[in-house]
Every structure is written in C-alpha cells, then in structure tokens.
Amino acid sequence: MESTSSLPGYIREKIAELDLELSEGDITQKGYEKKRAKLLQPFLKKNEAISVDKAKTTPPPPYYNVKDANNSNSHGNINNDGVVVSSEGYSYVTEVPSLSSSQQRHSKKLDFHQSSSVTASSTAQSGAAGTPGYENMRPQGGAVGDPGYQNTREPSGFQNQSTSNNSQHRQRRTQRKVTHNEKRYHSEVRQEAVQQALAALKGRPKPSLPMPSKRTSVLNRSPGCNDELDSSTDEESIPEETISPDKEYNYPRDHISNSMIPPEPIIKPPIRESSMSSQQHLRLDVKQSQTPNQKYSSSNSVAEKRPPQNLPPLPTSDTSSMESPPIAYKRDTDFSEKAFKQKQFNAPDITQFNNTHRIADRVTRYVNVSQSELSDTDANGKWKVSAKIQQLLNTLKRPKRRPLPEFYEDNDIELEIAANTKDPNAPKPEGSTMTSVQGEQLSIPAGLPRTLECALQRYGTNSFKSSMATVLDPNGKITTTLTYGKLLSRAQKIAYALSTKIFSKGPEQVTLKPGDRVALVYPNNDPLSFITAWYGCMFRGLVPLPIELPLSSSDTPPQQVGFLLSSCGITVALTSEACLKGLPKSTTTGEIAKLKGWPRLQWFVTEHLPKPPKEFNVGNLRIDDTAASYIEYTTDKEGSVMGVTVTRAAMINHCRALTMACHYTEGETIVCVLDFKREVGLWHAVLTSVLNGMHVIFIPYALMKLRPSSWMQLITKHRASCCLVKSRDLHWGLLATKDHKDISLSSLRMLLVADGANPWSLSSCDQFLNVFQAKGLRSDAICPCASSSEVFTVSLRRPGRGSCGFSQSATGRGVLSMAALSHGVVRVDSEDSLTSLTLQDCGQVMPAAQMVVVRSEGAPVLCKTDQVGEICVTSGSTSASYFGLDGMTNSTFKVQPILEDFDQTKEGPGTGTGTVGIISKPIGDEYYVRSGLLGFLGPGGLVFVCGSRDGLMTVTGRKHNADDIIATVLAVEPMRFIYRGRIAVFSIKVLRDERVCVIAEQRPDCSEEESFQWMSRVLQAVDSIHQVGIYCLALVPPNHLPKTPLGGIHLCEARRRFLEGSLHPANVLMCPHTCVTNLPKPRELHQDTGVGPASVMVGNLVQGNRLAEAHGRDVGLSSEDCERKPQLITGVLRWRANTSPDHIIFTLLNSKGAIAKTLTCSELHKRAEKIAALLQERGRIEPGDHVALIFPPGLDLLCAFYGCLYLGAIPITIRPPHPQNLNTTLPTVRMIVDVSKSGIVLSIQPIIKLLKSREAATSIDPKTWPPILDIDDNPKRKYAGIATVSFDSSAYLDFSVSTCGRLSGVNISHRSLSSLCASLKLACELYPSRHVALCLDPYCGLGFVMWTLIGVYSGHHSILIAPYEVEANPSLWLSTLSQHRVRDTFCSYGVIELCTKALSNSIPSLKQRNIDLRCVRTCVVVAEERPRVQLTQQFCKLFQALGLNTRCVSTSFGCRVNPAICVQGASSAESAQVYVDMRALRNNRVALVERGAPNSLCVIESGKLLPGVKVIIANPDTKGHCGDSHLGEIWVQAPHNANGYFTIYGDETDYNDHFNAKLVTGATAEIYARTGYLGFLRRTECSQAASLLDETTPSVASRDSDTESLNSISQLQLNFSNTSLGGNSEHSIVSGAVNSNDQELHDAVYVVGAVDEVISLRGMNYHPIDIENSVMRCHKKIAECAVFTWTNLLVVVVELDGNESEALDLVPLVTNTVLEDHQLIVGVVVVVDPGVVPINSRGEKQRMHLRDGFLADQLDPIYVAYNM
C-alpha cells in the first residue's frame, strides 16, 4: 500500500498521532508496529495477496542481509524491502547503499519507521514536507532515561500495550518534548556528500574489520542493554548461505560460552563475544530474522559465574584471501561430533581462579595446551582469536594512501619533519595581497545616553514603570518582571552596601574600593539578580567577573576558574540567597565549603539590602574611561581559563556600534535564549539593551530543553522585534512541529544567530526560513554574526538590509573546496562535489572598525585575497588584555600586520604610495586584535568564517576544522545514531603530530553491532571527504560527555578526561595503523655485506674498544681444605652428622613466624638413610633411577632429596599441584614426571590424596601415575651404606618452565654441584655460625641450591620461609630477619613485590612491633631476568624507615645453563647502575647517557661474578666476540655449569650448542655455555666497599671463632691479589688491612633480557619489559601488563584493577604510550581481570603461556580491541 490517502479520515488521524508518538519516543517501535497493524488490519486484507506475491518476486537490494524467504519465521520481521528490522525497530544497513541519496530518501515509503513522511503531522506545515530530506530530521527513537523526561519507562514495560485510553494520550502530550534526539544541525549538502562518498567506496573490495570483543557483564552495563533478549531459534542459529566479503563486512564468529549451552545439543548463539547488547543474533554475516517469543535474561546465568569453556572453537572464516567467502558453518550434527572428539583432552581452563593465592595461581597457567590440540585447531582454519587477528592483518595489508616516507634515523627531528610534510601539489594562494576593510562611520543617534550609568538613571527616573527584563519559569510562565525603576533602586542599594560593607581580609578589615574586582555567581535561571548586581558594581566602580556556578560534582572541576579568581585577587563574591543555599557546605561547620583550587571567598547576598541615605549619589563617582569595566572569562584550546579585561570606553563604544548595526530603538522587545553572563548574550541583553531602554525577555535553558519552541511563542505573544538565538535553537524549534500552527514571526525584524560563524549554521538558517516564511518570517531578518571574547562582535549581517548605503543588501554564500581549505587556500568548488563546504557570510565589518586577515601561524603577515587566515580587528571597542598575562596579551592584543617582501607594487592603507620590494613593514601604527576566528573576506566586504583557531587540527601539515568533521560524522547513516547530536572532536599530540579523536554519545538503545557498523562508516566518510584518518573513535553512553553550564559539550574537559582515562567509553575503535604515517622507516638488515664477525672484531680493536670479557676471582680451594672436607655433598652431610650431630642446620617457620620444625645434621642424615632404605625396599630403586619428589616447600623435601642421593638415585623436585587450580597445574606436574622418565613418585599423604582425588581425575586418570610412595612409611630393614658415585655422574635433574613456556630439564653433576657450593660459600662468606633466611621456591635454579644444598655444604643455619606463608602474612619475612638478627637473606621478586604492596601502609605498626632491619647486610633477589630497578627502589625506600640499608639489596643472575653466574657477595661493593639509550639498544648497541636524558633506561648490574666464572659477550647469530659497546648474548664458562639438557619438551630444535658454544673469532678453542640472555659488560669503579659494612660489621676475629671460617677468610685475602687479564680484578675484600680508599675497577654484568623474548618489529629489537613498564605508567588502574607478538602484531594484555566500565579507557592510553615511547603501533589491546597474567614462582611473567591462552581463547577478557 503506497499511500494512506485511500484510508478513512479518522484512521489517518490516528496513524498521524501514532507517528508523532513514535517520533518523540513515547512508544517503542514494537508498540508502534502493533498498533498500526491493528488499525490497518481491516484495510490490509485485500492487499495482502499482492504484497506477498511482490515479496517473493522482488530480489532484495544487494546491501541488505536477508534470509531466504522460505526460511524466515512466522513472525516475519523482514519487511517488504528486505530490510532486517530488529525488535528495537531500526534497520541495519551493512554497507551503504549505492542508491543515489535522493532516491534513498524517498523510495522506502513503507519502512516501518519512515512512514511518517506521509503522515498528517508532517504535512501539517507544507514547508517542512516540501524541504528535500526534511523528513529525515524528524526524531525517531525515544531517549529513555533522558533527563527531564518525566514519563520515562523501560521499553519492555509497554511493548505489549495494544490500547491506551484518552487520558493517557493527553498526559503524554503534555509531558512530551521533542529534544530527545537533538541531531545537531545537519547540512543537507553534507548528508548527500557523505552518502555518495560511501556509495563510491562500495565498489572497492572491502576488507573485513574484526569487531572488538566484549564480556557479557560489560555488555550488560553498556548503555543499550535491555534485560530482555530476543533469541533466535536454534534452527536459525547456524546460517546456510555465505555472503561474499566484497559486499559485506564479515565479522568472525567467536567465543561460544558454556552457559549458553542447554543439556540438549542445541547451539545457541554466543552472548559473550557476539557483542550484541540488546539482541542475540550472530554477526552481521549470519543475521537472522528474530522471534520475539523466546526470552531469557542475560544477567542471571552469565555474569555471575564464568563457565569452563571446554567447547571447541567453531571453524571461523579463513580471511587470508580477501575475495574468498567465509566457510559456511555446519549443522548441529557435525558440531557435536567435533565436540566429542575434543573431549579427550581439554585445554586447561583458566577462568576458575580465586585470586587469593596470587603467585601460586599464576604459575604454569596455560602450559598444557597440548601440541595435538594446536594442530587440531589449526586444521580447522586457525584459532578463534587468531582468525580475528588474521582479519586485522588482511585489513592492514591494503595499500595505504600515503606511503611512509623513506628515512632511517629515528630521531626526533626526523619524526618532526615526517609529521609536517609539505605537499608539492598543494594549491598555492594566487591572489594579490589584501587591503584592510573599513566599517561604516559610527553615527551615534541623537539622545543616546553618554554611559550605561547615565542610561539607567535616565530610564529609571523618566520611564521607571517600563519593563527592563522579564524571566520565564521552567513551566513557561512569566514569573517576575524588573522595571527600570526597580533596577535603578536595587542597583543603588547594592552600590551603597558595597561601599559601606567591611570585609575581613586575613587579620585586616577592608572595604571595596573602585577598581577592585568581585565575582558574580548567579544561576542561569536568574538574570534579574545578575543584572541588578552588575549595575550595582558599575555604580560603585567595581569590576565584575561573572563566573559559572560550581553546583555539582558532575560539572567540570572548577579549579581553572579558581586559578583565575586567585590571579584577579578576588575575595568577595556576589550572589543571590537561593544560590547561596545551594552551594556545597562543609559537613562540620555548616559554612560554605572551600572549593578545590579556589581562593577563600566571602559571599555577599545582593537581596534585602537597606535603602541608601538621601545624600548618597551614584553620579558623583568619576572613573577614567581607560579603567577596567568588567572581566569576561574565556578558555583556550587546552582548557586554561583566562580573564579578558574590558575598558569602560571599549564597553560603551561596542554598545554604540551594536545600536547602530542592529538599529535598536527605545522600547523595543528582545527575546534572549543565550547565556547572559558572557559574549553575545551579555553585550546585547544586559548592556546595549539598557543603553537603549529596551525590554528583554529571558528564556532559561531548562525551559528550552523542555519546550524548544517557547521562544517563538514568546515572539508571537509579545510582538517582539528582535531575538537572540544559536543555530541549535533554530534546529530544535524546527523539530517542535506540533507547536508551529499558532506561531507568527511577522513582528520580527532581527533574528540574530550568535554562532553564525559555525559551518552548520547555514543549513539551520535555510531550513528555518523555508518553514517559517509562511509564518511571516522575512528573509532579511536572519542575521548571522561572528564574535569572540577578544574582539567582541567581529561582524554582523545587518537586519532589514539595504537601509543604508554600505552595500548591505549583499549576502553571500560560497561553495568551497575542503581540500584547498585544508591547505589554507580558498577555491570555489562545484555544487555537486562531495568534498565541498558551503559557507554563508557573517555580514560586514562593524561600524568604526577596520579588519585584516593575517597568517594564523608565525609572523602576522597579511594574507592574499584567496588565502585563509586569522581575522584581526582594530576599533575602539575590543578587549584590552588578558588579565595578568602580559606575554599572551602582547601576542593577541598588540598585533601589527606586516607586508612581506614582494616584487609587485602594493598599495595599502598603511603604505601610502606603491612601493617595491617591501621587507616586513607594518601596514600602519594601529594595533590589531586577533579574533581567534579563521576566515577570509569576500566581495563587498562580506566576512566568511570557516573555523576557529581553537577548533583547528593540523594533521600531517594539513589543517582541518573540528566543526567540519562534526558535520560529516553527523551526516553518516543512521543519522539518529548519535544521541541528541552530542559529539566532541579534538586532536591530541602523539608522536610529534596531531591525531583526530571523535567522541560521540550513542543512542541508548543501539547494539554493539550497530555501533561498530556506524563507526566503520564514519571512518570511511571522514577519510573520503576530508582525506584525513580518525585516530580514535569512541562512543560513550548518553549524557556522559561533560557539559558546560548551558548544556553544550565541554570540549576541553572531554579532552582532559580522555587523556587521563576517565571518560569511560562504551565502544572504542583506534586506527593507528592507518593514521600514523610518520613512523621511523624500518631498519633494513644487511645480510650480504661481507662484514663478518672477524671484521667486526678487528674494527673494535682498531677503534680501541675493549672486547667484552670478565672474570670472577679464583675459587682456590687449598689442599688442606680438600683433605679435611670430602667433596661429594653426601659425604659432607655424613661428615657433619659425625662431627657436629646436634648443630641445627634447618629451621622451618610457619605463617605466624613460630618455629614449625627444626632439623639437625644427624636428624637429616638418619631420615635420609631411612628414605633411601624405603626407596630401595618398596620402590625397587637402583642407583641411576629417576625419582620424582612432589613436596611442598619444607623439610620433607630436603630429607627425600638426600635420601635419593644416598641411594645413588637421581631426584627431580616438582612443585605440587595447586588444590584450587588442579585442572591447570596438575597436567604440568604430570608432564614433568613423564618427561623426566621418573620410575616412582615420592610424596606426603595430603598430596598423594590430592593426586588420587576425584577432582584430579577429571584431568589426569589416577591409575596412570607411576607407583607413589609415602615418605612416612617405614622400611623393614636399615639402609646398608651410602652409594659411591663418580664426580661426573648426575646428582639431580633441574626442571623448569622458562618464561617463554619451554619446559626444560638440565643435568647437574656432582662436580658442578660441589663447585657451585664452594663458589657461593666463598662469595657469600657462609660458615656454621651464620644465620641465613630464605624465602624462595625450592624447586629449581638458585632457589633450589640455596634451600637444599648450600646449607649442608657450608654448615650455616638456614631459616626457611615458604613463599605461600608470606602471602598469608606479608610481614613474616621481615619480622623473621629482625627477630633472628639475620645478616644474609635470599628472596624472590614475588616476595619483594608482595611486601611493597601489602605493607605500604603498615610501616608505623611494624615500628611499634620493633621490627629493625639494620642487621641485614645482604639481601639477594634470586632472578633469571633483568633486575627490576623500580621495584627494588620502591622496596628500599619504603623499608628505609625500618633501618634497611638501601645498598644491601641486589639481584642475582642465573639461567638454565648455570644456576648462579652473578651473586652479590657479603663484602662486595654496591651494585653499579648506568643509564643507556633505549633507541640504541633496539639496534643492539649500548650508548651510555645521563640520568633523565630522553629515552634513557636505568639498568643495574646483576650482582658480582662468582669465583671461578668467566663471561664474554657474543653475537648470538654470528658467534663473533662483541665489543664493550655492543649488546650481545652472555656466554659463560665455569666449573659449575650444568652438564647439558636432559630434555627440552615442546621444542625439537637442536640446543646442543647451548653447552658447547665456541667463538668464531679470537680464542676459538674455548668452550662456553650460552645463557640465552642478552646483556653487556661495563668496566666501572667499585664504590666504597667499606661504607657498606659500616658499624654493623665486627672485626674478623670477633666474627667467628671457627677455625674453618678463619681459614676461608685468609683464603679470601690470598685471592685478593690474584688478578687476571691486565688488572681486571674483582672486588676488594675489606678487612682491617685493606686500605678503604682504594677505588678499584671491576667488570659489571648488565642483563637486558632473554633472547627468546626479544620482540623483533620494524627491523629492531624490543624487550617486552620496556614496553610493559611504559604501559604500567600510563594509567593508575593498570595492575599488571604483558606484551607479545602474533604474526607481526604487537598484543598488549593489561590487567584492570577497577570497575569493568573503565576497561575501554585503557585502550587509547596504551596505544598512545607505546607509540610515543617506542614508536610501535599496538595491534591488539586485551583488557583482563587482575591475576590473569601468569607469573612463575620466580615472579617472572609467562608471556608465551599468556599468548597461548589468548589465542586459544581462554582468558575471558573484559574487552579486546583490534586497532586498525
């Protein structure tokens, strides 16, 4: 049915009423459709057959997703055009149609939501319907929850109402308001341009954009979320057809969550990742029609409990070839079969964590993503997440429009040049140099008062009953009118009160003197009090500064205003009684609270004041014309608030000029909708109105929100002749169609449009005139003006043009090329061009003013006639200065335009006759004032403004105006997407260039899908129309952008919140790949240059660079020592058991710090013998067999280890599985047992129970374990004797998972073990009387050595603290150190971090407990990574208060090939630190820089080389010896190197050369072990070693009586003289004899990072920790961060320690920071919960496990953003 004309009249009326309700949001689309269908039902029956037939034959347009007609469900939400209309009632257009825009606008008359184009309500006024496209401007969906909308209801609440009685109708009508969707002033031209541009793009093959992933709980919190979900039936969930990518964006189908799977094998579409907040369809490529009958809530099953995700991934579309269509998904049967296959080995689920045991939780989080599983999923077309990444890569492969410039150096100058490229093809200005334009002569009408005070006195006495000001209340009723008589008497009262009132200023009492400044604080609905206070100040000679009311916390923080008040020296604020009551009060005293950043103000109420005495005469005050009359606040681009000072002369001159330009006469009535405190509202409605004795009617903003047409009704009622509005008021007025019928605008002679300088004011003015010409509006009444706080009114189109001779009849409009404007040149474009901007003139120069246009940057050179520049004005009526800011005042208010040197003859007002070759000569003596407006002068002196300096964004050398981009964004379909047209566009500086950011408020009912579609369309539209990329596009929930007091968008505050990460967007799309074109050129690696390692070495020698090599001192065991002490560790233990049986060697503490167990030498020996007997008897273990020891940290582990050694078996220590996290940790335990070929497992009863428990059985079958023995079982016989083993046989296997996720076991022989113990004993000065506290994990590396071996070897007392006990009691470790007076302690970074975080607020309570750390001499952090400088410094700084010597904390360095290479010794010097250039490190060079230099990185040495260790730096690729200035791999040679790998699991490459590496240059015969870590050596001076020991160190003799210890000390002194390699000796050993002033050189080893973890991007090497440190600094809510790469994309995972709604704040900040600090573009940002980044027992991040978990989709991220 094409029209409703055939229907009866009463039906048409009802339909019109329904349409109106729909358009104003009082009814949902669903309700509308129901009611409309009911009305039309009797008339539709006859047409039904025809329409069904038509539906079958008409093919759907190519740009809609439709299902096969046969397959659609009975509810049939697909309308005849094939548009999929969702239950919310908006149609989805996946790709913008290629229909011409006019066709599109008028073709779909039967669309449900567009049928309004034929309704009675829109035809009520012929003008509106006739305007092309005007029906598109009707508001559509209701804004539920809009402030001020009293009739707010949940949409679901009245979807099913089919009838409603008349009273409800009436109530709705009264409460309805039409500003729900304030679409902001769409330019018709722009709309067409955008649609055509997008249609033009349609021909290109479309890359598929990966859609961001959002967790359900975030969706539920996002703005459009209804509790009710319409789900499709299971039949339709799996699509049949495929849609080829060139027609669609195809979004991959992602996570399927268990919570959505009912017991039957029915596949529901995913909630979590399909990102649909209000429906549950699949992605766009599988969109189905909806059935509204199946409903269930998303909140109950999903948000509370995260399900284990054991479902296999659905096969995702392989998008590696752009043209190939995505694979169609299979039916249910296939799916369940696949699920069955997968069941055999589930991927470890990591969603079930409780975060109490943080460290244990994180360990080996994703280890067992088995190989078989990976290959399995790979065969199915990539992992789930990686399909999206593949899409992203395909998208990024497309050719960029602007190629990267070719340069190599990545220094700042080059970046700067690349950011500001000069386009050789850019249009150049061709006109002649402009001349200044003069306004007409100012003729002051006879009888106009001399000053404002005189005017008020005249009208207040002669015509005291005539009205001056009237204000309406929020209901539109006139409440109070202020007559001139009342105004005069009240102003005099205020002036008198202010002259007599005594204010206390600190101790002194002061009165206000003329020239003092006061603040006026009045609400926006109280202009009358404001005006009386203003004129009271005028009479007293005070200088008022009107400011906004600091009412609520949701307003912008008024600190900037406080700064202005302080700098103006304001102590008194005038306000009204009502306003004073509303100010925030102090809770304790009840006085007005001091606002943050504000000076202490005294509040003065300007009501109920006494009458002044007869003799008080306000006319006696004589004030100089150059004195300040008032200060108006203004803000700059950055949000700084400045005060613009206005002199009395300028104020009165401006009022006179306005009087003349606007033809104001006494007694006229003006309607004012503007802010009366500043700019146009203040100048016209408060000042000029009084000068002319006019009557002003003020309409408060609250009423405008409620009744947008109230201003027109007032003009009609009061026959007003003038009106002051903004273009948005015209636009809102247009939307209020139901109020139009009674309006008459025939009395209006001037409709002043205050923001006529905005590019979009043109369409508002045009449409308004079109509609209201029929209501008496004259075309010459519309007067756009341009203004600024500095210049006041810049130009004004005169009302009733042609009344004066100054060519005022002319009005102009220009269609200009935006590309040319971006280069600052004016070029006329054709009407139908896509990239044109239509501007209207802002009238002519003001009377008595002169105007020029100068270049906006650099010197104020006069522009050419076709060049855009900044408009400057000189006249007697401009502001004088910025208060207190002399520098800015000179550059803005004292501009002398100059002529540049040209060869042609120039004539200008300041140059006299023509001259040749003028060099920068000023055009005259006058000072001009910069207006901040950018524009040019047209023919006939017309002023055209095309932007403002504050809204200007210079991107890659081209200028773009924020308002133009807003206009383009608002024209993108669906145009009603942006909530009430609220949008902020600004630029931020990232990597030396400005980047465009667009923040919009999205409609409350839109889905994720729609948002994403709309965003991708915006990117295309802006790109094709403005040729600029949007860097960040963010959507925030309705009413989330910060507002100005009059409801506009507070741009500076929005920008500030965006940059500090407190804007909380609901959707973010970052496009750094497409926008950032000034990255440094990738470094090319030159392979075939013929420069081999030998040449490099020779080059180093020639340049005098030292080759990087360093030695520890000799171990030097004396022969006497060897005789006395057997070398096998088993022999040492037996010897100690015999010689000192009762010496306590180990003490284990519990979480309270009490002694849980102790172990003497003989007890350890006896228990070890018992365990050996048990293994032999019950386990049938022979020497050389492997035994797995699964024990918690404790004494049982020690006994079991020595029991194995006594038997000659080879022990493997394994961390027990975590009981709360069995399904992740148990497979790792099992893997080590299997890989190590252990024949038996030895453990304790609780762990044995755990291994055989029902919970464990879900991941590992208990029957498949090797035999398990309980350590507490008793053997029948005693063990015969300790097995004799050779020195070179294996002592134990050390298994560990590297940070890269590689499980490797190394073989440690008895010889290595003894050498290591001897070396550590020497370096750390360990002997029996020592107490050493250990808080380490005893399973691998140096931690294992310290816990089990070294105590037995050197006989000292080890106090053992299990790290998990410290988690329960963070002060345990420190209180133990204090209580036992421990001097040497070893711990991990996990423990340091825990103490720093958990005890940061507990220092006073620790002091009360007398915890004293002055006893600690060395605190060694055991690590296999770069020392964490920041964490160590924080720890030292925090516990310095407890006496901790900051220099005693150091980091050791060990690795797989050698557990201890560097350890800070007991008497070593303080660790040296250096600052290196990060950019040099990226190129494998080491350049030292000063502290605080840009790009500097602090690196601290990793302890001192152990005795017997030799280290060199080699190139890991060429194996050449590196010089000192190079970064290379650390190679080590030492007697305690490991004896090779036992196995490396999960990596088949050959690692043999790790232990047998040889240099290809120099000493090629020597064998080294490769550590796998990059680092460098530096020869540094020892800092004073003696000072480190200070008074806590006793003399050698008193330290120990044990002869053994004295021997070792003398041994140290002997070795002290040993030097190697030309005086390259290690540290001095301080004893009484050593001269403490010796400054000695030593070689410091600096570890930079693991070779395996290096991220190679753009030809350079980055270390993850550096990027992570940058990211950690960018937002306070980031708890942890990890980075890795996947297919050349950088992925950043951040843990959010805050509300999920803050997740999206992190995405832009992370992207900006990495770009700025590292010149890298982040490909994917993943926001997860705290505790998700896996961390091993040493406190190191397991980045590869994290990567595997991410790609296997096991992280359950809060949000995943794919940067374009």
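Because the structure is a prediction, the values reported are computed rather than measured.

1. Regarding the packing of aromatic side chains
Considering all chains together, one arrives at 27 aromatic pairs under this definition. Here the aromatic rings of tyrosine 882 and phenylalanine 893 are separated by 5.0 Å at their centres, their planes lie at 80°, and the arrangement is edge-to-face. Placement of tyrosine 882 in strand β26 (residues 881-882) and of phenylalanine 893 in helix α28 (residues 886-893) is noted, with a sequence separation of eleven residues between them. Counting every residue linked through ring pairs, the aromatic cluster contains Tyr522, Phe530, Trp534, Tyr630, Phe676 and Phe698. Geometry around tyrosine 633 places arginine 678 over its ring, the cationic atom sitting 4.6 Å from the centre.

2. Let's talk about empty space enclosed by the protein
Considered as a void within the structure, the second largest cavity measures approximately 260 Å³ in volume. For the second largest cavity, the lining is made up of 21 residues, of which Ser1298, Arg1302, Arg1456, Thr1571 and Asp1652 are closest to its centre. Considering each element in turn, the lining of the second largest cavity owes the most residues, three residues, to strand β56 (residues 1569-1581). Here the lining of the second largest cavity is composed, by residue class, of eight nonpolar, seven polar and six charged.

3. Structural notes on the pattern of salt bridges
By the definition in use, this model includes 53 salt bridges. The salt bridge involving aspartate 866 is made with arginine 827; its shortest N-O contact spans 3.1 Å. Of this pair, aspartate 866 sits in the loop between β24 (850-854) and β25 (869-874) while arginine 827 sits in the loop between α27 (818-822) and β22 (836-840); the two residues are 39 residues apart in sequence, bridging distant segments of the chain. Beyond isolated ion pairs, a larger network of salt bridges with shared partners links Glu1653, Glu1668, Glu1680, Lys1741 and Arg1743.

4. A closer look at α28
For α28, the full list of buried residues reads Thr889, Thr892 and Phe893. When α28 is viewed along its axis, its buried side chains cluster within an angular range of 80° and face the same direction. Close packing links the buried residues of α28 with β14 (641-647), β26 and β29 (929-937).

5. Structural notes on the nonpolar core
Membership of the largest hydrophobic core comes to 126 residues, with the highest contact counts inside it found for Trp1014, Tyr1031, Leu1690 and Phe1750. Trp1265, Cys1455, Ile1513 and Val1645 belong to the second-largest nonpolar core, a separate cluster that totals 118 residues.

6. Considerations on the sheet that holds strand β47 (residues 1357-1360)
Taken in spatial order, the seven strands line up as β39-β38-β47-β46-β48-β49-β50 in an open sheet, and their pairing is mixed. Of all the strands in the sheet, just β39 (1155-1160) and β50 (1449-1451) have a single pairing partner and so form its edges. Within this sheet the neighbouring strands show an average axis-to-axis angle of 20°, counted without direction. Across five bridges, the pairing between strand β38 (residues 1144-1149) and β39 is antiparallel. Residue leucine 1148 lies in a different strand from β39, and its bridge partner there is lysine 1157.

7. Remarks on the pairing of strand β31 (residues 952-955)
Neither face of β31 is left uncovered, since the one carrying Leu952 and Thr954 and the one carrying Met953 and Val955 both have all their residues buried. Across four bridges, β31 lies against strand β32 (residues 958-961) in antiparallel orientation. Following the sheet pairing, threonine 954 is matched in β32 by lysine 959. Between β31 and β32, which pair antiparallel one after the other, the connecting turn spans two residues, and threonine 956 there sits at a positive phi close to 50°.

What counts, and where the lines are drawn
- Residues numbered from 1 in each chain as written.
- Predicted model: local features only at pLDDT ≥ 70, side-chain atom pairs only at ≥ 80, totals over all residues.
- Heavy atoms only, no water.
- Phe/Tyr/Trp six-rings, centres within 6.5 Å; stacked < 30°, edge-to-face > 60°.
- Helix = DSSP H or I, 4+ residues; strand = E, 2+ residues; numbered from the N terminus.
- Lys NZ or Arg CZ within 6 Å of the ring centre and 35° of its normal.
- 1 Å grid on protein atoms, 1.4 Å probe; cavity = no way out; pocket = protein on both sides within 12 Å on 5 of 7 lines; lining within 4 Å.
- Points joined across faces, edges and corners; volume = space filled by probe spheres on them.
- Nonpolar A, V, L, I, M, F, W, Y, C, P; charged D, E, K, R; others polar.
- Salt bridge = Lys/Arg side-chain N within 4 Å of Asp/Glu carboxyl O.
- Buried < 20%, exposed > 50% of the residue type's maximum accessible area, 1.4 Å probe, protein only.
- Arc of directions from axis to C-beta.
- Contact = heavy atoms within 4.5 Å.
- Core = buried A, V, L, I, M, F, W, Y, C linked by side-chain atoms within 4.5 Å.
- Pairing = 2+ DSSP bridges.
- Axes fitted to C-alpha atoms, helices over the stretch in contact; angles between N-to-C directions.

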